[in-house]
Amino acid sequence: MNLHTLIDSLISDTLQKSLPLFGPELVLCATIVVLLLARVLPLLARGLSAEKPVVILSGNSIDHALIAFGALYAGIPFCPVSPAYSLVSRDYGKLSYLMKLLTPGLVFADDAAKFADALAANVSPEIEIAASYGTVPGRDLTSLADLMATPLHPRLDSVHKAI
């Protein structure tokens, strides 16, 4: 099953019959479900778990929320880190402590350039960094678009039902 098949199933006869009753609200909900599942799939494919959670270095944003809800849906712990730990602090003491404590498998930042110094100083090279936009000098980043291009994970339904 791929994302297109999933979208087709969301827009089934039931959805088409309900659309006149609920209008734009139903379309918005369906869109959110599709965007959410697009965030869940890459998290499962990367083997993230309680031992390798997602760390989010970002202020409030739609991408932040969808990554967080995607992790919740997949049963993967995530930790939103206060932007002050990365942007105000210059010794990164609290951020460094959190990274050692959490041992993340993925670090997400909306704006990689904004958090570049903190990412470079605290995220080891073997940990993947994903970002909506921006770069970190000397580091490879996974763009959010590339992250979302991951095909459907075969265990998606079973993982979610086990939660």
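Residues numbered from 1 in each chain as written. Predicted model: local features only at pLDDT ≥ 70, side-chain atom pairs only at ≥ 80, totals over all residues. Heavy atoms only, no water.

**Thoughts on the pairing of strand β1 (residues 54–57)**
Next, step 1: Burial of the side chains of β1 extends over both faces: Val54 and Ile56 are buried on one face and Val55 and Leu57 on the other.
Next, step 2: Alignment of β1 against strand β2 (residues 78–81), held across 4 bridges, turns out to be parallel. The partner of valine 54 across the bridge, within β2, is phenylalanine 78.
Next, step 3: In the classification by handedness, the crossover that spans β1, the intervening helix α4 (residues 62–74) and the parallel β2 is right-handed.
Next, step 4: Both β1 and strand β3 (residues 106–111) contribute to a ladder of 4 bridges, which runs parallel. Within the sheet, the bridge partner assigned to valine 54 lies in β3 and is leucine 106. (Buried < 20%, exposed > 50% of the residue type's maximum accessible area, 1.4 Å probe, protein only. Helix = DSSP H or I, 4+ residues; strand = E, 2+ residues; numbered from the N terminus. Pairing = 2+ DSSP bridges. Right-handed = clockwise from strand over helix to strand, strands pointing away.)

**Considerations on the sheet that holds strand β4 (residues 128–133)**
Next, step 1: Read across the open sheet, the 5 strands follow the order β2-β1-β3-β4-β5; overall the sheet is parallel. Here the strands that pair on one side only, and so sit at the sheet edges, are β2 and β5 (142–143).
Next, step 2: Two strands pair when backbone bridges link them, and β4 and β5 are joined in this way by 2 bridges, in the parallel orientation. If you follow alanine 131 over to β5, its bridge partner there is serine 143.
Next, step 3: Those strands touched by α4 are β1, β2, β3 and β4, and its axis lies near 155 degrees from that of β3. (Contact = heavy atoms within 4.5 Å. Axes fitted to C-alpha atoms, helices over the stretch in contact; angles between N-to-C directions.)

**Observations concerning the nonpolar core**
Next, step 1: In terms of nonpolar packing, the biggest core is built from 20 residues, with Leu57, Val81, Leu95, Val107, Leu119 and Val123 touching the most fellow members.
Next, step 2: Elements that contribute at least two residues to this core include exactly β1, β2, α6 (93–102), β3, α7 (116–122) and β4.
Next, step 3: Leucine 119 has contacts with Leu57, Val107, Ala109, Ala112, Ile129, Val136 and Arg139, leaving out every residue within four places of it along the chain.
Next, step 4: Counting residues in each nonpolar core, the second largest holds 15 residues, with Leu43, Leu44, Leu48 and Ile56 among its members. (Core = buried A, V, L, I, M, F, W, Y, C linked by side-chain atoms within 4.5 Å.)

**Examining unusual backbone geometry**
Next, step 1: With phi around 55 degrees, tyrosine 92 is a residue other than glycine that occupies positive phi space.
Next, step 2: Position of tyrosine 92 relative to the elements: it lies in the loop between α5 (84–87) and α6.
Next, step 3: Phi angles above zero are rare outside glycine, and threonine 103 is one such case at about 45 degrees.
Next, step 4: The topology assignment puts threonine 103 in the loop between α6 and β3.
Next, step 5: Residue threonine 103 is classed as partly exposed on the basis of its relative accessible area, which comes to 42%.

**Considerations on the pairing of β4**
Next, step 1: Bridge count between β3 and β4: 5 bridges; the pairing is parallel. Each bridged residue has a counterpart across the sheet, and for valine 107 the counterpart in β4 is isoleucine 129.
Next, step 2: Chirality of the crossover, the property in question, places the unit of β3, α7 and β4 among those that are right-handed.

**Regarding the environment of proline 80**
Next, step 1: Note that proline 80 resides in strand β2.
Next, step 2: Look at proline 80 and you get partly exposed, because its relative accessible area is 43%.
Next, step 3: Between the C-alpha atoms of proline 80 and glycine 59, which are 21 residues apart in sequence, the distance is 8.8 Å.
Next, step 4: Among residues more than four places away in sequence, those in contact with proline 80 are Ile56 and His64.

**Some thoughts on the side chain of aspartate 111**
Next, step 1: Turning to its location among the elements, aspartate 111 is positioned in strand β3.
Next, step 2: Despite its burial, aspartate 111 pairs with no opposite charge; the closest candidate is lysine 114, at 5.9 Å N-O.
Next, step 3: Reaching out from aspartate 111, the side chain makes a polar contact with the backbone nitrogen of alanine 113 at a distance of 3.2 Å.
Next, step 4: Apart from the residues lying within four places of it in its own chain, the contact partners of aspartate 111 are Tyr133 and Gly134. (Lys, Arg positive; Asp, Glu negative; His and termini not counted. Salt bridge = Lys/Arg side-chain N within 4 Å of Asp/Glu carboxyl O. Polar contact = N/O pair within 3.5 Å; in protein donor to acceptor, adjacent residues only side chain to side chain.)

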